[in-house]
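Structural overview
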Amino acid sequence: MKDKKNFYLTTAITYTSGKPHIGNTYEIVLSDAIARHKRQEGYNVRFQTGTDEHGIKIENKAKEAGIEPKEYVDQVAGEVKRIWDMMDTTYDRFMRTTDSYHEKQVQKVFKKLYDKGDIYLGYYEGKYCEADESFYTESQLIDGRCPDCGGPVHDAKEDAYFFKLSKYQDRLLQYYNDHPDFIKPESRKNEMINNFLKPGLQDLCVSRTSFTWSIPVDFDPKHVVYVWIDALINYITGLGYDADGHHDVLYDEFWPADIHVIGKDIVRFHTIYWPILLMALDIPLPKQIFGHPWLLMGDSKMSKHLGNVIYADDLVNIFGVDAVRYYLLHEIPYDNDGSITWDLLVERINGDLANILGNLVNRTLAMSNKYFNGIVEDKGAYEGVDDELKQIALKMPIKFNKLMDEYKVSKAIDEIFVLLRRTNKYIDDTEPWVLAKDESKKDRLATVLYNLTEAIRFAAIALESIIPSSSQKILDMIHTDQRDLLKLDTFGLYQSGTKVTDKPEVLFARLDPKEVTKKAEALSPKKTSVEKKEEFITIDDFNKVELVVGEVISCKKHPDANKLLVSQINIGDETRQIVSGIADIYTPEEMIGKKVIVVKNLKPAKLRGIESQGMILAGGTKKQLQIISTNLPNGTKIS
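The rules behind the values
Residues numbered from 1 in each chain as written. Predicted model: local features only at pLDDT ≥ 70, side-chain atom pairs only at ≥ 80, totals over all residues. Heavy atoms only, no water. Pairing = 2+ DSSP bridges. Helix = DSSP H or I, 4+ residues; strand = E, 2+ residues; numbered from the N terminus. Contact = heavy atoms within 4.5 Å. Axes fitted to C-alpha atoms, helices over the stretch in contact; angles between N-to-C directions. Core = buried A, V, L, I, M, F, W, Y, C linked by side-chain atoms within 4.5 Å. Buried < 20%, exposed > 50% of the residue type's maximum accessible area, 1.4 Å probe, protein only. Domains from an automatic or database assignment. UniProt positions renumbered as here; feature names shortened; annotations may be inferred. Parallel < 35°, antiparallel > 145°, perpendicular 65-115°, else oblique.

1. Some points on the sheet that holds strand β9 (residues 204-205)
Taken in spatial order, the four strands line up as β6-β5-β7-β9 in an open sheet, and their pairing is antiparallel. Each edge of the open sheet carries a strand with a single partner, namely β6 (134-136) and β9. Sheet topology places strand β5 (residues 119-129) next to β6; three bridges connect them, and they run antiparallel. In the sheet register, K127 faces β6, and the bridge partner there is Y136. The sheet contacts of helix α10 (residues 267-280) involve β6, β7 (154-163) and β9, and relative to β7 the element is tilted by about 30°.

2. Section: the nonpolar core
F319 and W342 are the most contacted members of the largest nonpolar core, which totals 107 residues. Residue contributions to this core peak at 14 residues, all from helix α13 (residues 342-372). Residue-level mapping places this core at the junction of two domains, with at least three residues from each of domain 1 (6-118 + 164-292) and domain 2 (355-499). When near neighbours in sequence (up to four residues on either side) are disregarded, W342 contacts M297, I310, L315, I318, F319, V516, A520 and L523.

3. Brief notes about the pairing of strand β22 (residues 595-599)
The buried fraction of β22 amounts to five of the five residues, a majority that puts the element mostly inside the structure. Of the two faces of β22, both are covered, the one formed by K595, I597 and V599 as well as the one formed by V596 and V598. Summarising the sheet, strand β19 (residues 547-557) and β22 pair through five bridges and their orientation is antiparallel. Looking across to β22, one finds that V548 is bridged to V598. Here two bridges tie β22 to strand β25 (residues 615-616), and the two strands are oriented antiparallel to one another. If you follow V599 over to β25, its bridge partner there is M615.

4. So, the side chain of S470
Within the secondary structure, S470 sits in helix α18 (residues 468-477). Looking at S470, the relative accessible area reads 4%, which means it is buried.

5. Some remarks on the domain arrangement of the protein chain
Assigned domains within the protein chain: domain 1 (6-118 + 164-292), domain 2 (355-499) and domain 3 (539-638). For domain 2 and domain 3, the distance between their C-alpha centres works out to 47 Å.

6. Structural notes on the UniProt feature "binding site: Zn(2+)" (unreviewed entry) in the protein chain
The UniProt entry lists C129, C146 and C149 under the feature "binding site: Zn(2+)" (unreviewed entry), expressed in the numbering used here. For the residues just named, distributed over 21 residues, the greatest C-alpha separation is only 8.8 Å, placing them together at one site. Positionally, C146 belongs in the loop between β6 and β7. The class of C146 is buried, set by a relative accessible area of 3%. In contact with C146, other than residues within four places in its own chain, are C129, D132, Y136, G151 and V153.

7. Regarding the packing of helix α14 (residues 384-405) against helix α15 (residues 409-430)
Their axes nearest at 8 Å, the elements α14 and α15 cross at an angle of 170°. Accordingly, the angle class assigned to the pair α14 and α15 is roughly antiparallel. Facing V385, D386, E388, L389, I392, A393, M396, K399, F400, L403 and M404 of α14, the residues of α15 in contact are V409, K411, A412, E415, I416, V418, L419, R422, T423, Y426, D429 and T430.

8. Things to note about the environment of D428
Mapped onto the elements, D428 comes out in helix α15. Taking C-alpha positions, D428 is 52 Å from K603, a pair spaced 175 residues apart along the chain. Setting aside chain neighbours within four positions, we find D428 in contact with R363 and W433.

The following block contains the structure:
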């Protein structure tokens, strides 16, 4: 192992307030794909994940359940670990912040920074969000609510210890400038600079006295350590960091981390609080922090409050582990939110996995068995059409590895499927069934089947980090021991004369959308038998909505969402860009020239990365939706 280069990868630790949903699960699957690929590239990988188990929210959840906090977090941590294992992830350490070693080191770090003068005693007064366990100033609130989670806040004041973030502000900004790849994607870094560093950092409240379920400040026991300080330190305590300098060998080998994989909603904690904490401790900073986008349910953020949460185990029970992994990794771009719908799941599995991949493997194995009793041989009967297949096969690993090293996993998968699609076309171009009818073409037929098998081998090796179980099944079915990603620089290493399996396994069965819909409906939250009381609005409420007539002057499909149209709409005094989920009903051409009614004063929002500056009114059912149109002049107010 010593001759290998080390690579340390972490996920954010999952907060144990409840069962993680599929959006939470995306992060561990993404990290696992990166870790697997790095191992394929020859790295000695250390992959750490785990659970964040302290705080008032946990204390309250345990009270509601009628059990002690430790019992509560034990149950949830067990559930998190079960789901991570179910998703076939290959982490090396499952860290828990209730581990005694971690708790002791957090206390030692706190005392070390206090003795240094970087932590001091004061008091805090402001708006407190219980869900995030954070104080905010009035100006930081959004519509009077928490700027991070959108939850309620209340006035609070308490004695507290503070960490001197302000002392390190200039040093952190300089670090950003000296290390331009420290935060990825670039948009996350710009957000931190413009929203936090340029306005000026306030010292951070790093203790609480209003609850007890956290790590006590050992020299002032009425205080407990702020949960984010506790949580962030796990990245070094999980390697055996010791505040007194007696580190485990793992810390010396693997720190600094090569990458922290986190959700975009916690970038501030990891790119401001965490690096400043490390600076204060004289510890090297991690090499890179990747704030990945979210997985949306349709066009909405997944939340229990909205009742649109899906869990990984439910999806696995319907689609299987590799199908769910594939969907998550392919449908969430590098820097834009992805979306999950039942229809798109079925489309991807039937189209990409069952048809393009699974059908290719089964057709090739079936022809090898039919024409040569399963023996695959390279007879050297080459023709010009072979060259294109070989060139695409040889280019694929180069492009794939580069994109994976940039953490652009979705685009990396696309490169594998470029090869798979070309391999399917190669069957159509060479027509093995026609060659089989001509005895003089027997060597050519054998060569074609060899080329097909070799192209499949290339794809299967690359797919190991994406759909590991299916990758291994394919390689086992073609009976190859040539499975080294780094040796995919030569086309033709598949051993000529190898006998493939005579009982090929169906990798991905085609799904019946109607059957999937039934299963999906069974997972939906059961409707209450109590009839919902009708809620009325007043005329004052209605008058807040500003409706105007607009004309669609241009329209095009959203580049990253099949169901969205992006329209430019003249509303009299200006032209607005509006994104609408109507692509199933209207084509862009049908929209141009339509007079529509626009909600003018709707707060702008980004839909799959494109800003929408209003909303078009429509009516009917989802399948019979119609735009509400009019012949009134542009800009006319509707009342």
